Amino acid sequence: MKATDIRRGHVILIDGQPCRVMEFTHRTPGNLRAFVQVRLRNLVTGNTFDTRLSATDFVEEARLDTKEFQVLYKDGAGVHVMDLQSYEQHTLSDETVTDAGAWLQPEMVIQVEWLDGRPIAIELPSVVELQVVETSPVMRTATKTSSTKPARLSNGVTVQVPDFIAEGEKVRVDPREGVYLERAK
């Protein structure tokens, strides 16, 4: 694929190593040639680095397999998941799960990306329903203003919610961004 087609989340091969695109910027400075500034994370070593590619360069996209898994449980060894097609069980390491570990719950269905027979990343669902376990009391004028307050959810993560949300209510959250979406119905 051309360097100008690179997008956030793509996995490309740099010097034979699979790297995930964290950020990218396409620049066209004045009278110079266009280039793409890319921040990458090496999926083998975990290192993050920046590189500059010419707009006319071609990069090789890594071939990933994506499979659906159900989360079974978490322990000291990692997150234990089950393939929904073959019922095989696998353990995902902390390097594979990264920051998404706090959002994982038993029986949640996730997408796991595989490269050369080993898991390299997970993709969370777009919406998760969780209960608010700790937040400040509801304000009387909460329906008139658009202010927010911090609320700790049942998984331990703190997100900003509107002032009208009370303790014990269920809310819908986007785990990929860590933002409140709406009350659960």
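Small disclaimer: the values here were computed from a predicted structure and weren't measured.

**Some remarks on the overall build of the protein chain**
Point 1. When helices and strands are tallied, the protein chain shows one helix and 15 strands.
Point 2. Here the C-alpha atoms of the protein chain give a radius of gyration of 20 Å, more than 25% beyond the 16 Å that 2.2 N^0.38 yields for 185 residues.
Point 3. Each of the three principal axes of the protein chain carries a C-alpha extent, and together these read 60 × 50 × 25 Å.
Point 4. The 185 residues of the protein chain split such that 36% are buried.
Point 5. Residue pairs at least 24 apart in sequence account for 42% of intrachain contacts in the protein chain once pairs closer than 6 positions are excluded.
Point 6. Carbon and sulfur atoms make up 46% of the accessible area of the protein chain, which totals about 11,200 Å².
Point 7. Counting 22 positive and 27 negative side-chain charges, the protein chain places the centres of these two groups 8 Å from one another.

**So, the environment of K2**
Point 1. Examined against the element boundaries, K2 turns out to sit in the segment before β1 (11–14).
Point 2. Residue K2 is classed as partly exposed on the basis of its relative accessible area, which comes to 35%.
Point 3. Linking K2 and F58, residues 56 residues apart in sequence, is a C-alpha distance of 4.4 Å.
Point 4. Each residue touching K2, except ones within four places of it in the same chain, is listed here: A55, D57 and F58.

**Quick look at the packing of aromatic side chains**
Centre-to-centre distance and the angle between the planes together describe a pair of aromatic rings.
Point 1. Tallied over the entire structure, the rule returns one aromatic pair.
Point 2. Its guanidinium or amino end placed over the ring of F35, R52 lies 4.2 Å from that ring's centre, counting from NZ or CZ.
Point 3. Cation over ring: K67 sits above W114, and NZ or CZ is 5.3 Å from the ring centre.

**Considerations on the sheet that holds β1**
Point 1. Sheet architecture is open: five strands sit in the order β4-β3-β2-β1-β5, paired in antiparallel fashion. In this open sheet, the two strands that pair with only one neighbour each are β4 (48–54) and β5 (60–61).
Point 2. Judged from the four bridges that link them, β1 and strand β2 (residues 17–27) form a sheet pairing that is antiparallel. From the neighbouring strand, L13 faces β2, where its bridge partner is P18.

**Observations regarding the nonpolar core**
Nonpolar side chains in soluble globular proteins tend to be buried together.
Point 1. Counting 27 residues, the largest nonpolar core has L92, W103, L104, I110, I122, L124 and L153 as the members making the most contacts within it.
Point 2. Mapped by element, the contributors of at least two residues to this core are β6 (65–75), β7 (78–83), β9 (109–115), β11 (128–135), β12 (148–153), β13 (158–162) and β14 (170–174).
Point 3. L124 has contacts with A100, W103, L104, M108, I110, P175 and R176, leaving out every residue within four places of it along the chain.
Point 4. Ranked by size, the runner-up nonpolar core spans eleven residues in total, among them A3, I12, I14 and L40.

**Describing the side chain of T96**
Point 1. Within the secondary structure, T96 is located in helix α1 (residues 94–97).
Point 2. For T96, a relative accessible area of 8% puts it in the buried group.
Point 3. Excluding residues that lie within four positions of it along the chain, T96 makes contacts with P119, I120, A121 and I122.

Analysis parameters
- Residues numbered from 1 in each chain as written.
- Predicted model: local features only at pLDDT ≥ 70, side-chain atom pairs only at ≥ 80, totals over all residues.
- Heavy atoms only, no water.
- Helix = DSSP H or I, 4+ residues; strand = E, 2+ residues; numbered from the N terminus.
- Rg over C-alpha atoms; globule rule 2.2 N^0.38 Å.
- Buried < 20%, exposed > 50% of the residue type's maximum accessible area, 1.4 Å probe, protein only.
- Contact = heavy atoms within 4.5 Å.
- Areas by Shrake-Rupley, 256 points an atom, 1.4 Å probe, with all protein chains shown as cover.
- Lys, Arg positive; Asp, Glu negative; His and termini not counted.
- Charge placed at Lys NZ, Arg CZ, Asp CG, Glu CD.
- Phe/Tyr/Trp six-rings, centres within 6.5 Å; stacked < 30°, edge-to-face > 60°.
- Lys NZ or Arg CZ within 6 Å of the ring centre and 35° of its normal.
- Pairing = 2+ DSSP bridges.
- Core = buried A, V, L, I, M, F, W, Y, C linked by side-chain atoms within 4.5 Å.

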